[in-house]
Amino acid sequence: KNQVEQSPQSLIILEGKNCTLQCNYTVSPFSNLRWYKQDTGRGPVSLTIMTFSENTKSNGRYTATLDADTKQSSLHITASQLSDSASYICVVSWDNYGQNFVFGPGTRLSVLP
Amino acid sequence: DSGVTQTPKHLITATGQRVTLRCSPRSGDLSVYWYQQSLDQGLQFLIQYYNGEERAKGNILERFSAQQFPDLHSELNLSSLELGDSALYFCASSVGPDGEQFFGPGTRLTVL
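It should be emphasised that the depicted structure is a prediction, and the values quoted were computed from it without experimental measurement.

The rules we used
- Residues numbered from 1 in each chain as written.
- Chains lettered and ligands numbered in written order.
- Predicted model: local features only at pLDDT ≥ 70, side-chain atom pairs only at ≥ 80, totals over all residues.
- Heavy atoms only, no water.
- Helix = DSSP H or I, 4+ residues; strand = E, 2+ residues; numbered from the N terminus.
- Rg over C-alpha atoms; globule rule 2.2 N^0.38 Å.
- Contact = heavy atoms within 4.5 Å.
- Areas by Shrake-Rupley, 256 points an atom, 1.4 Å probe, with all protein chains shown as cover.
- Buried < 20%, exposed > 50% of the residue type's maximum accessible area, 1.4 Å probe, protein only.
- Pairing = 2+ DSSP bridges.
- Axes fitted to C-alpha atoms, helices over the stretch in contact; angles between N-to-C directions.
- Buried area = accessible area lost by both parts, 1.4 Å probe.
- Polar contact = N/O pair within 3.5 Å; in protein donor to acceptor, adjacent residues only side chain to side chain.
- Nonpolar A, V, L, I, M, F, W, Y, C, P; charged D, E, K, R; others polar.
- Salt bridge = Lys/Arg side-chain N within 4 Å of Asp/Glu carboxyl O.

(A) Structural view of the overall build of chain B. Scanning chain B for helices and strands turns up zero helices and 11 strands. The order of helices and strands in chain B, counted from the N terminus, is β-β-β-β-β-β-β-β-β-β-β. In terms of C-alpha radius of gyration, chain B reaches 13 Å, essentially the compact-globule figure of 13 Å for 112 residues. Projected onto the principal axes, the alpha-carbon positions of chain B cover approximately 35 × 30 × 25 Å. In chain B, the share of contacts with a sequence separation of at least 24, taken over all contacts with a separation of at least 6, comes to 55%. As displayed, chain B has an accessible area near 5300 Å², and 48% of this comes from carbon and sulfur atoms.

Shown next as structure tokens:
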């Protein structure tokens, strides 16, 4: 069964600090992995997308890594800001007709002043 | 602004009633997805349409139905509403049958 797990479930850090969020998946055949940011009460917004051949992708202070062999991805946030407080969702896609993606449960990040 | 519009923004109704949520995808997008997000929960995929045809079905209840019209807008119909149906309902769209999904602002449904 295609599944995505994320850890930690929630995280509290101080403004200016770095943090790393984890995503583990059991998806086959793998197509791509996306990280989304969801502010409370708003729709998710895509941060990065990585295919099988990519092992790192950056978007400003956000850097995602992918290890397709171990089926793990991480999202590293550098120099956190209060506006980084949100849920971060990992979404993995596979090659298939019909439903071909699965959302992780998300990590809720709180950045405190 | 993602370019995806959803109406209404808020909806308050009573148990047993039926409501219709509407979504207009980004210009040029052929695929529409519907999601349910209950309080403090993750996004639950309900259903996907591509160019007017149902493409994928997730955890959609039999009391719920959807369709995509020739102009590509979509409607999600929720009937025999229960208290547990109270949630945020998001619509997303993408250019093709798979690909980056752009989410709308959501419709907040409250069932009393």
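What follows continues from the structure just given.
(B) Quick peek at the pairing of strand β11 (residues 107-112) of chain A. Residues and elements named next belong to chain A. Of the two faces of β11, only the one carrying T107, L109 and V111 is buried; R108, S110 and L112 on the other face are not. Relative to β11, strand β2 (residues 10-14) runs parallel, the two sharing five bridges. Pairing of L14 across the sheet is with L112, part of β11. Across three bridges, the pairing between strand β9 (residues 86-94) and β11 is antiparallel. Bridging across to β11, S87 finds its partner in R108.

(C) The arrangement of the sheet that holds strand β7 (residues 62-67) of chain A in detail. All names here are of chain A. Here we have five strands laid out as an open sheet, ordered β1-β3-β8-β7-β6, and antiparallel in their pairing. Every interior strand has two partners, whereas the edge strands, β1 (3-7) and β6 (56-59), have only one. Each strand of the sheet is rotated relative to its neighbour by a mean of 15 degrees, with strand direction disregarded. In terms of strand pairing, β1 meets strand β3 (residues 19-26) through five bridges, oriented antiparallel. Bridging across to β3, S7 finds its partner in Q22.

(D) Spatial organisation of the interface of chain A and chain B. Across the boundary between the two partners, chain A contributes 18 residues, which contact 22 residues of chain B. Carbon and sulfur atoms supply 52% of the area buried between chain A and chain B, which totals about 1400 Å² over both sides. It is A:Q99, A:F101 and A:F103 in chain A that bury the most area against chain B; as a group they hold 29% of the surface buried on that side. Linking chain A with chain B are three residue pairs in polar contact (both at pLDDT 80 or more). Among the elements of the structure, β4 (30-38) and β10 (101-103) of chain A are those that each provide at least two residues to the side of chain A that touches chain B. Counting residues per element, the side of chain A that touches chain B draws most heavily on β4(A), which supplies three residues. The residue inventory of the side of chain A that touches chain B, partitioned by class, reads seven nonpolar, eight polar and three charged.

(E) Representation of the pattern of salt bridges within the structure. According to the stated counting rule, one finds five salt bridges over all chains in the structure shown. The salt bridge involving A:K57 is made with A:E54; its shortest N-O contact spans 3.3 Å. What makes A:K57 partly exposed here is its relative accessible area of 27%. Under the relative-accessibility criterion, A:E54 is labelled partly exposed at 25%. For the salt bridge of B:E82 with B:R63, the shortest nitrogen-to-oxygen distance reads 3.7 Å. Highlighted residues: B:E82 in the loop between β8 (74-78) and β9 (87-94) and B:R63 in the loop between β6 (53-57) and β7 (64-68), separated in sequence by 19 residues. Since its relative accessible area comes to 43%, B:E82 is described here as partly exposed. In the salt-bridge network here, residues are joined through shared partners; they are B:R63, B:E82 and B:D85.

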